[in-house]
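Residue-level listing of the chains:
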Amino acid sequence: MTQHSGKFITFEGIDGAGKSTHIAFVSEYLKARGVDLVSSREPGGTPLGEKLRDLVLHEKMHLETEALLMFASRREHIAQVIAPALSRGAWVISDRFTDASFAYQGGGRGMDLPKLEALEQWVHPHLQPDLTLLFDVPLDVARARLNATRSLDKFEREQADFFAATRNEYLRRATQFPQRFRVIDSTQSIAEIQVQIAAILDECFKSIA
Ligand SMILES: Nc1ncnc2c1ncn2[C@@H]1O[C@H](COP(=O)(O)OP(=O)(O)O)[C@@H](O)[C@H]1O
Ligand SMILES: Cc1cn([C@H]2C[C@H](O)[C@@H](COP(=O)(O)OP(=O)(O)O)O2)c(=O)[nH]c1=O
C-alpha cells in the first residue's frame, strides 16, 4: 500500500520495446494537465545512482553483485528523489523500477526470486508504483529497433533466451499484480500506443481527465 499523496508511475519492458519514446509523451500529457511532475530513471536518478549505473551497465560482475547495485541505486533514488517528491504531492515517473530487477536479474539471469523479494522488502517495504506501464513486444521487433538506433550496452548485447526469460517474468508479474500493471502491445504504431496510454491515464487518475 502506498502512503503518499502523489502518484508513482513506472515504465517497463525489454530493451527496444519503446519505453523512452512513450515517457516523453506521458510527461507532456501530465504536465499539460497541471501535474507537478518529476521524471527519473533507474538504475540512476541521483548523482551516486548514475555512477552505479555506469558500473552496472558496463562491467562484468557476479549476478548478485549486479542485483545489489541495482537496489543500492534504488535506495538512493527513493531517499533523494522519489519519497520527497511523493510526500510533497508531486507525481513521479520512473524509467524502470523494481519490476526490472525481477525481470532482468530474476528472469533473465536466473537469480532466486526470494532473494530479490528480500531486497525489495528491505529497500521499499511500503512503496509500490500506483501504475506500471509494461511495453510488450516480441524479441525480434525489439532487436530490430535497437539495432537501427544505437550502440548496445551489456544488457542489450544479451542473447534471445535472456530476453525471452526477461519478457516472460515481466508478463508473469503483470498477471500477479493486475491492479497496477497495464500491458501495452508495443507492436502497434506510436500514435496508436499514445491513444491507449492517454486512456489508461484518464481511467487510472480520473482527477486529471
Ligand atoms: N511503436 C513503435 N513503432 C515503431 N518504432 C518504435 C516504436 N516505439 C519505439 N520505436 C523506435 O524504436 C527505437 C527504440 O525505442 P526506445 O523508446 O528507445 O526503446 P526503449 O527505451 O524501450 O529501449 C527508437 O528508435 C524508437 O523511435
Ligand atoms: C532498473 C534495472 C535495470 N536493469 C537493466 C535493464 C536495461 O538493460 C538497463 C538500463 O536500462 P534502460 O535505462 O532502459 O536502458 P537504455 O537507456 O539503454 O534504454 O538496465 C536491470 O537489469 N535491472 C534493474 O533493476
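None of these values were measured; they are calculated from a predicted model. (Residues numbered from 1 in each chain as written. Chains lettered and ligands numbered in written order. Predicted model: local features only at pLDDT ≥ 70, side-chain atom pairs only at ≥ 80, totals over all residues. Heavy atoms only, no water.)

**As for the side chain of Lys154**
Tracing the sequence through the fold places Lys154 in the loop between helix 6 (139–149) and helix 7 (160–176). Residue Lys154 is classed as buried on the basis of its relative accessible area, which comes to 13%. Within the structure, the side chain of Lys154 is placed 2.9 Å from the backbone oxygen of Glu59, a separation counted as a polar contact. Contacts of Lys154, omitting those with residues within four sequence positions, involve Val56, Leu57, Glu59, Met61, Glu66 and Arg109. (Helix = DSSP H or I, 4+ residues; strand = E, 2+ residues; numbered from the N terminus. Buried < 20%, exposed > 50% of the residue type's maximum accessible area, 1.4 Å probe, protein only. Polar contact = N/O pair within 3.5 Å; in protein donor to acceptor, adjacent residues only side chain to side chain. Contact = heavy atoms within 4.5 Å.)

**Side note on the nonpolar core**
The biggest cluster of nonpolar side chains holds 39 residues, and the ones touching the most others in it are Ile9, Leu30, Tyr104, Ile197 and Leu201. Once you skip the residues sitting within four places of it in the chain, Leu201 turns out to touch Ile9, Val26, Tyr29, Leu30, Leu131 and Ile208. Membership of the second largest hydrophobic core comes to 18 residues, among which are Phe8, Ala67, Ile78 and Ala90. (Core = buried A, V, L, I, M, F, W, Y, C linked by side-chain atoms within 4.5 Å.)

**Overview of unusual backbone geometry**
Cis rather than trans, the peptide bond between Glu42 and Pro43 has omega equal to -15°. Mapped onto the fold, Pro43 is located in the loop between strand 2 (37–41) and helix 2 (47–58). Positive phi outside glycine occurs at Arg96, with the angle close to 80°. Summarising the element assignment, Arg96 is placed in the loop between strand 3 (91–95) and helix 4 (98–108). Note on Arg96: relative accessible area 10%, which makes it buried.

**As for the confidence of the model for the chain**
Caution applies to low-pLDDT regions: their predicted coordinates should not be interpreted in detail. Considering every residue of the chain, the mean pLDDT works out to 95; 98% of them sit at 70 or more. Among the prediction metrics, the complex's ipTM stands at 0.96, with pTM recorded as 0.96. (pLDDT = per-residue confidence, 0-100.)

**Observations regarding the sheet that holds strand 3**
Ordered in space as 2-3-1-4-5, the 5 strands form an open sheet in which the pairing is parallel. Each edge of the sheet is formed by a strand with only one pairing partner; in this case those strands are strand 2 and strand 5 (181–185). Averaged over all pairs of adjacent strands, the angle between their axes in this sheet comes to 20°, without regard to strand direction. Where strand 1 (residues 8–12) meets strand 4 (residues 131–136), 4 bridges bridge the pair, whose relative direction is parallel. By the bridge assignment, Phe11 is partnered in strand 4 with Leu133. (Pairing = 2+ DSSP bridges. Axes fitted to C-alpha atoms, helices over the stretch in contact; angles between N-to-C directions.)

**Details of the site of ligand 1**
Residues in contact with ligand 1 amount to 15 residues; listed here are only the nearest, Gly16, Gly18, Lys19, Ser20 and Thr21. The backbone of Gly16 places a nitrogen or oxygen atom 2.8 Å from an oxygen atom of ligand 1. In this structure, Ser20 approaches ligand 1 through a side-chain N or O atom, which is 2.5 Å from an oxygen atom. Within the complex, 77% of the 560 Å² of free accessible area of ligand 1 lies under protein. Taking a 2 Å distance to the grid points as the criterion, the majority of the atoms of ligand 1 fall inside the largest pocket. Where the shell around ligand 1 is concerned, the elements lending two or more residues are helix 1 (19–32), helix 6 and helix 8 (190–204). The element best represented in the shell around ligand 1 is helix 1, accounting for 3 residues. (Near = heavy atom within 4 Å. Areas by Shrake-Rupley, 256 points an atom, 1.4 Å probe, with all protein chains shown as cover. 1 Å grid on protein atoms, 1.4 Å probe; cavity = no way out; pocket = protein on both sides within 12 Å on 5 of 7 lines; lining within 4 Å. Sits in = over half its atoms within 2 Å of the grid points.)

**Some words on the UniProt feature "binding site: ATP" (unreviewed entry) in the chain**
The sites that UniProt annotates as "binding site: ATP" (unreviewed entry) are Gly13, Ile14, Asp15, Gly16, Ala17, Gly18, Lys19 and Ser20. Among the annotated residues just listed, those lining the largest pocket are Ile14, Asp15, Gly16, Ala17, Gly18, Lys19 and Ser20. With respect to the secondary-structure elements, Gly16 resides in the loop between strand 1 and helix 1. Dropping the residues within four chain positions of it, Gly16 is found in contact with Ala142, Arg145, Leu146 and Arg150. Secondary-structure assignment places Lys19 in helix 1. (UniProt positions renumbered as here; feature names shortened; annotations may be inferred.)

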